[in-house]
Amino acid sequence: MRRRIIAGNWKMNKTPSEAVALINELKDLVVNDAVDVVYCVPAIDIPAAVEATKGTNVSIGAENMYYEESGAFTGEIAPAMLDDLGVKYVIIGHSERREYFAETDETVNKKVLKAFEHNITPIICCGESLTQREQGITLDWIRMQIKIAFQNVTADQAKKAVIAYEPIWAIGTGKTATADQAQEVCAGIRAVICEIYDAATADAIRIQYGGSMNAGNAAELLAKPDIDGGLIGGASLKPDFGKIVNA
Ligand code: PEP
């Protein structure tokens, strides 16, 4: 039985003091022992967010990190820095990072390997554009993304990974994939993991859906057998996030 994981992606929102206020506002709404709850917050908010979530059921994640240990990489954040602050998860390869900051499947793979070296759980994003969906190549595209992201990742590591299936056309647009569309791709991702590793690894890995998930559509999406949670953008900044956790 895979444990559910609901993660918020705050993107570039909330100052450190606003982050603490939101964490306090959501505190009682997100209590649920059966679910892993994660807030992936802007890097500058991490120390305040870790402090504000101490003693709660919420873990803190980062939205990105670099794949080198240290050195002349102005503006980047090393995995050891996140680990030192108590960060447990990191989003890798979000479509906004791919689109605006030139991330590729190869940099995603390097970051995934580095996250595991530091015992930080990667939330590995994949997803197709609207054009790719219309061309009928969604599953081919995602298969390629997953195969590259998991190069040199061991089965034991893969079992601990989280994959977020996020159709790009559904992110921040208010358009959600139907539960059947999301299930089809999440099952396809599990099949690729089975092909790369084995059935036990495919059975263990957690796959989230992300893309305009909200309090109204979460229950139907989360009822699907291959959807183990959600990566939530807009709705993670509102009390609605508590309803998603409890859906
Ligand atoms: C996201 O940014 O990962 C996301 C799913 O955003 P939204 O929920 O706003 O579509």
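A quick note: this is a predicted structure, and the numbers were derived from the prediction, not measured.

Colleague: Can you tell me about the pairing of strand 4 (residues 89-92), naming the residues and giving the values?
Modeller: Side chains Y89 and I91 of strand 4 all project onto a buried face; the interleaved residues V90 and I92 project onto the opposite face, where all are buried too. One ladder, built from 2 bridges, connects strand 3 (residues 58-62) with strand 4; its direction is parallel. Bridge pairing links A62 to V90 in strand 4. Regarding topology, helix 3 (residues 79-85) serves as the crossover connection from strand 3 to the parallel strand 4, and that connection is right-handed. Examined bridge by bridge, strand 4 and strand 5 (residues 121-126) share 4 bridges and lie parallel to one another. Looking at the pairing, I92 lines up with I124 of strand 5.

Colleague: I'd love a proper account of the nonpolar core, names of residues and values included.
Modeller: For soluble globular proteins, nonpolar side chains are generally found buried alongside one another. Core analysis: the biggest nonpolar cluster contains 64 residues, and Y39, I146, F150, I163, I189, Y209 and F241 have the highest contact counts within it. Broken down by element, this core gets its largest block of residues, 7 residues, from helix 9 (residues 179-196). When neighbours within four sequence positions are excluded, F150 is seen to be in contact with N109, I124, A158, A161, I163, I193, I196, Y197 and I205. Membership of the second largest hydrophobic core comes to 11 residues, among which are C40, Y89, I91 and C125.

Colleague: Now, about the layout of surface pockets: what can you tell me, with residues and values included?
Modeller: Empty space among the atoms becomes apparent when a probe as large as a water molecule is rolled across them. Volume-wise, the largest pocket comes out at about 540 Å³. Taken together, 22 residues line the largest pocket, and the ones lying closest to its centre are K11, E63, N64, R97 and F101. Here the lining of the largest pocket takes 3 residues from helix 4 (residues 95-100), the largest share from any one element. For the lining of the largest pocket, the class distribution of residues is 13 nonpolar, 4 polar and 5 charged.

Basis of the calculations
- Residues numbered from 1 in each chain as written.
- Predicted model: local features only at pLDDT ≥ 70, side-chain atom pairs only at ≥ 80, totals over all residues.
- Heavy atoms only, no water.
- Buried < 20%, exposed > 50% of the residue type's maximum accessible area, 1.4 Å probe, protein only.
- Helix = DSSP H or I, 4+ residues; strand = E, 2+ residues; numbered from the N terminus.
- Pairing = 2+ DSSP bridges.
- Right-handed = clockwise from strand over helix to strand, strands pointing away.
- Core = buried A, V, L, I, M, F, W, Y, C linked by side-chain atoms within 4.5 Å.
- Contact = heavy atoms within 4.5 Å.
- 1 Å grid on protein atoms, 1.4 Å probe; cavity = no way out; pocket = protein on both sides within 12 Å on 5 of 7 lines; lining within 4 Å.
- Points joined across faces, edges and corners; volume = space filled by probe spheres on them.
- Nonpolar A, V, L, I, M, F, W, Y, C, P; charged D, E, K, R; others polar.

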